[in-house]
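Coordinate inspection notes
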Amino acid sequence: MSAMTRNGVTIDDTFAEAFGMSGLGLVITADTPKWAMISAQVMTGFGTSVIGCGAECGIDRELSPSETPDGRPGVRVLMFGFSPDALVPQLLNRVGQCVLTSPGSACYNGLESKTKMGLASGPRFFGDGWQTAKKLGKRRFWRVPVMDGEFVIEDKCGVTTEAVGGGNLLILGRDRAGLLEATEAAVAAIAKVDDVITPFPGGIVRSGSKVGSKYKGAIASTNDAFCPTLKGAVKTECSPDTIAVLEIVIDGLTSKSVADAMRAGLKTIIEIGAAKGVTRVSAGNYGGKLGQHHYHLKDLLP
Amino acid sequence: MSTLSFTLLSAPKQAVNLSALIPSKLAGLSNGAIEQIVLGDGAHAPRVGDLFTVSGTPGDEIAISGASPLLDYVGAGLDAGTITVEGNVGNHAGRGMKGGKIVIAGDAGSYLASTATGGLVHVKGSAGDFLGGTRPGDRFGLLGGTVVVEGNIGQRAGERMRRGMVVTRGKFGPAAGSRMVGGTLWTEAGFGPRPGPLLRRGTLIGPSVDELLPTFADCGRIDPVILRILSRYVAETLGALAPKALPPMVRKLAGDRATIGKGEILLTA
């Protein structure tokens, strides 16, 4: 495998392999930006990997009052799953338990799409018959009486099957603290790209996985090739000076948004990485046979 | 954008059905052919040419000059395009319209926009009774779209209305929102006596009510988020025609409790 060097950081000639997914967007508003963010954070919590969490969820961006249907501050969240059907129970539970319950909240569609799915299908029945709908133009809003007034929730939300899950960057370093700092900066740069989320804690995964396991019943296990403590014992992908590897996983509503996000992350790593001990950037793939979307690092270089 | 103009030659002697004069029905016709169109039914139904001079070319816009309360069904069934009327019109204007826009510079008669499902009707004068209402045989009145009236509105506006919005700068007459099933009536001047008889669902917004039915329950002052959504929606869709944004707090009267009572009168003052 040949590699390129940019600003002292080696860029592997490899690619990230990502999968087609279904994605939806919601706009959560509240009386203050703080409470919109609290609701959005709780609603997207425990949404790191579709394998164990049912959906991959995250915050796309904060919205100013002029961008929301009710003129209050808001947050746009994105949810990704294997299919629209797989998103149904996730949407019901997350909105029902985390948005409906949050003081002053309202929940609207956050993705224009021809295909729609029910958003208020479950939560509106919390109204026990007192719920009413108001259709304005093409949008129907349900009003559910709650103890601090009314919970407003839009009837349907857009869902796309063109979404992509699993865009990624693997960042290798010879200094753990510096590597984390540089990776955080890359996550911050990716956060500025619209229509994408980085669903893992703080946008960063330290436990990259490979498919399969020696144990029956485990469908994934540690990516030993990138484990620095095993570099002498296994066929390693680490460099001799690698102390730690961090991964950024990216889900986006479109393939282009994932590529843009990877480009933004890569640019930041190249700009500030070497000084912080980043030595290499690689990407995770399964040989190219599993995922429909391939993002070659060499095509994403600044 | 081409305009087809109809100029009234003299006041008609009998009610005339103008539902044939909408852009989609006139597309591709010559002015001569348009003059031959029979307006309505019956042995004495006039042709367009008997009542109007036709000029211009068929396109997205139709302009009707001249006013008569006998010009019925103006823009009925309109699906796209714009119809402007210089003066007053008769009954049933915009009935069953699906889209497009009707601008009436004068007054409109009864049953304006009954059974309409979309589009915008803008009346610069006043409107008659049963605006967005039902005629015998109709299941519902207004089903969608928006009606803006700058003057007053007659009695029983929104009779069995299901969706859509009626906005007036003036007042609604007696029994506005009677038997209404959904949608929004919004006045900047207030409601006449006894609004909302047998109101099932739907929202009546205004500063005052002349006389309240005893079957409405006072829910006190509230500040629901839907007020903000309504204000923003009308500002975005109606622009200069939009009513003033709603105050943060309104007084809610729930009713009509003589029926399921999930409707509301929201008092803004």
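Residues numbered from 1 in each chain as written. Chains lettered and ligands numbered in written order. Predicted model: local features only at pLDDT ≥ 70, side-chain atom pairs only at ≥ 80, totals over all residues.

**Here we look at the overall build of chain B**
The line we're drawing: Only runs of H or I of at least four residues qualify as helices and only runs of E of at least two qualify as strands under DSSP, and these elements are numbered from the N terminus. It is over C-alpha atoms that the radius of gyration is taken, and the globule rule equals 2.2 Å times the number of residues to the power 0.38. Neighbour counting defines burial: a residue surrounded by 20 or more other C-beta atoms within 10 Å of its own C-beta is buried, one with 12 or fewer is exposed, and intermediate counts give partly exposed, using backbone-placed C-beta atoms. Any residue pair is listed as a contact if its two C-beta atoms, each placed from the backbone, are within 7 Å.
Per the secondary structure count, chain B includes four helices and 18 strands. For 269 residues, the compact-globule estimate of 2.2 N^0.38 gives 18 Å, and the C-alpha radius of gyration of chain B, at 19 Å, lies within 12% of that figure. Each of the three principal axes of chain B carries a C-alpha extent, and together these read 60 × 35 × 25 Å. Across the 269 residues in chain B, those meeting the buried criterion constitute 54%. Residue pairs at least 24 apart in sequence account for 40% of intrachain contacts in chain B once pairs closer than 6 positions are excluded.

**With respect to the overall build of chain A**
Regarding its fold elements, chain A presents five helices and 17 strands. Compactness check: chain A gives a C-alpha radius of gyration of 21 Å against a globular reference of 19 Å for 302 residues, within 12% of the reference. Seen through its C-alpha atoms, chain A measures out along the principal axes to roughly 65 × 40 × 30 Å. For chain A, buried positions account for 46% of its 302 residues. A separation of at least 24 residues holds for 72% of the contacts in chain A among residues at least 6 apart in sequence.

**Some remarks on the interface of chain A and chain B**
Chain A puts 15 residues into the contact, and the matching count from chain B is 14 residues. When contributions to the side of chain A that touches chain B are tallied by element, the ones reaching two or more residues are β8 (132-136), β9 (139-146) and β10 (149-154) of chain A. Here the side of chain A that touches chain B takes four residues from β8(A), the largest share from any one element.

**Side note on the sheet that holds strand β13 (residues 190-193) of chain B**
All names here are of chain B. Quick reminder of the rule: Between any two strands, at least two bridges found by DSSP are needed for them to pair.
Strand order in the open sheet formed by three strands is β11-β13-β15, with parallel pairing between adjacent strands. The open sheet is flanked by β11 (171-172) and β15 (209-211), the only strands paired with a single partner. Here β11 runs beside β13; their pairing, made up of two bridges, is parallel. Bridge pairing links K171 to G190 in β13.

**Notes on the packing of helix α4 (residues 176-191) of chain A against helix α5 (residues 255-272) of chain A**
Residue and element names in this part refer to chain A. Cut-off, in case you're wondering: To define axes, lines are fitted to C-alpha atoms, for helices over the stretch in contact only, and angles between the resulting N-to-C directions are given on a 0 to 180 degree scale. Two helices crossing with the near one rotated counterclockwise from the far one by less than a right angle form a left-handed crossing, whereas a clockwise rotation gives a right-handed crossing. Note on residue classes: Ala, Val, Leu, Ile, Met, Phe, Trp, Tyr, Cys and Pro are nonpolar, Asp, Glu, Lys and Arg are charged, and everything else, Gly too, is polar.
Contact geometry of α4 with α5 gives a least axis separation of 8 Å together with a crossing angle of 145°. In this structure, α4 crosses over α5, and the sense of that crossing is right-handed. Contacts between α4 and α5 involve A182, A185, A186, A189 and I190 from the first element and A261, A264, G265, K267, T268, I269 and I272 from the second. Classifying every residue of the contact of α4 with α5 by side-chain character gives nine nonpolar, two polar and one charged.

**Considerations on the pairing of strand β11 (residues 156-173) of chain A**
Residues and elements named next belong to chain A. Counting buried positions along β11 gives 14 out of 18 residues, so the element sits mostly inside the fold. In the sheet, strand β7 (residues 116-118) pairs with β11 via three bridges, with the strands oriented antiparallel. Its bridge partner lying in β11, M117 is registered against C157. Pairing of β11 with strand β15 (residues 244-252) involves nine bridges; the strand directions are antiparallel. What sits directly across from L169, in β15, is I248. For β11 and strand β16 (residues 278-282), the ladder comprises four bridges, and the chain directions are antiparallel. Residue pairing across strands places L172 opposite R280, the latter belonging to β16.

**Things to note about the pairing of β10(A)**
Residues and elements named next belong to chain A. With five of six residues buried, β10 lies mostly within the body of the structure. Relative to β10, strand β6 (residues 106-109) runs parallel, the two being bridged by two bridges. When the sheet's bridge partners are listed, C107 is paired in β10 with I153. For β9 and β10, the ladder comprises six bridges, and the chain directions are antiparallel. Along β10, the bridge assignment pairs W142 with I153. In this structure, the hairpin formed by β9 and β10 is closed by a connection of two residues.

**So, unusual backbone geometry**
Of note, the bond from B:G255 into B:D256 is cis; its omega dihedral lies within 30 degrees of zero at 0°. With respect to the helices and strands, B:D256 occurs in the loop between β17 (250-255) and β18 (263-267). Look at A:D195: it is not a glycine, yet its phi comes out positive at around 70°. Along the polypeptide, A:D195 turns up in the loop between α4 and β12 (196-197).

**As for helix α1 (residues 33-43) of chain A**
Residue and element names in this part refer to chain A. The cut-off we apply is this: Read the arc as the range of directions from the helix axis to the C-beta atoms.
Those residues of α1 not exposed but buried are A36, S39, A40 and M43. The buried residues of α1 occupy an angular sector of 95° when projected down its axis, which confines them to one face. Looking at the buried positions of α1, the neighbouring elements they touch are β3 (15-29), β4 (56-63), β5 (74-81) and α3 (84-99).

**Here's the deal with the domain arrangement of chain A**
Residues and elements named next belong to chain A. The condition that has to hold: The start and end points of each domain follow an automatic or database-based domain assignment.
Looking at the assigned domains, one finds that chain A contains domain 1 (3-18 + 163-299) and domain 2 (22-160). Relative to domain 2, the C-alpha centre of domain 1 lies at a distance of 30 Å. The interface is formed by twelve residues belonging to domain 1 together with 17 residues belonging to domain 2. When the residues that make up the side of domain 1 that touches domain 2 are grouped by side-chain class, the tally is seven nonpolar, two polar and three charged.

**Topic: α4(A)**
So the rule is basically this: What a helix should span is 1.5 Å times the count of its residues minus one.
Along its 16 residues, α4(A) runs 22 Å from first to last C-alpha, staying within 8% of the 22 Å computed at 1.5 Å per residue. Lining the buried residues of α4(A) we find β11, β12, β15, α5 and β16 of chain A.

**Observations concerning the environment of A:A133**
Residue and element names in this part refer to chain A. For A133, the location among the structural elements is in strand β8. In this structure the C-alpha to C-alpha distance between A133 and A18, which are 115 residues apart in sequence, comes to 40 Å. In this view, A133 contacts R140, F141, W142 and D155; residues no more than four positions away in its chain are not counted.

**Some points on the nonpolar core**
Put simply, the rule reads: For this entry, the nonpolar core is defined as buried Ala, Val, Leu, Ile, Met, Phe, Trp, Tyr and Cys residues connected by C-beta atoms within 7 Å.
Core analysis: the largest hydrophobic core is formed by 160 residues, its most contacted members being A:I28, A:I171, A:M262, B:V74 and B:L112. Summarising the domain contributions, this core has at least three residues from each of domain 1 (3-18 + 163-299) and domain 2 (22-160) of chain A. Once you skip the residues sitting within four places of it in the chain, A:I171 turns out to touch A:L179, A:A182, A:T183, A:V245, A:L246, A:I269, A:V278 and A:V281.

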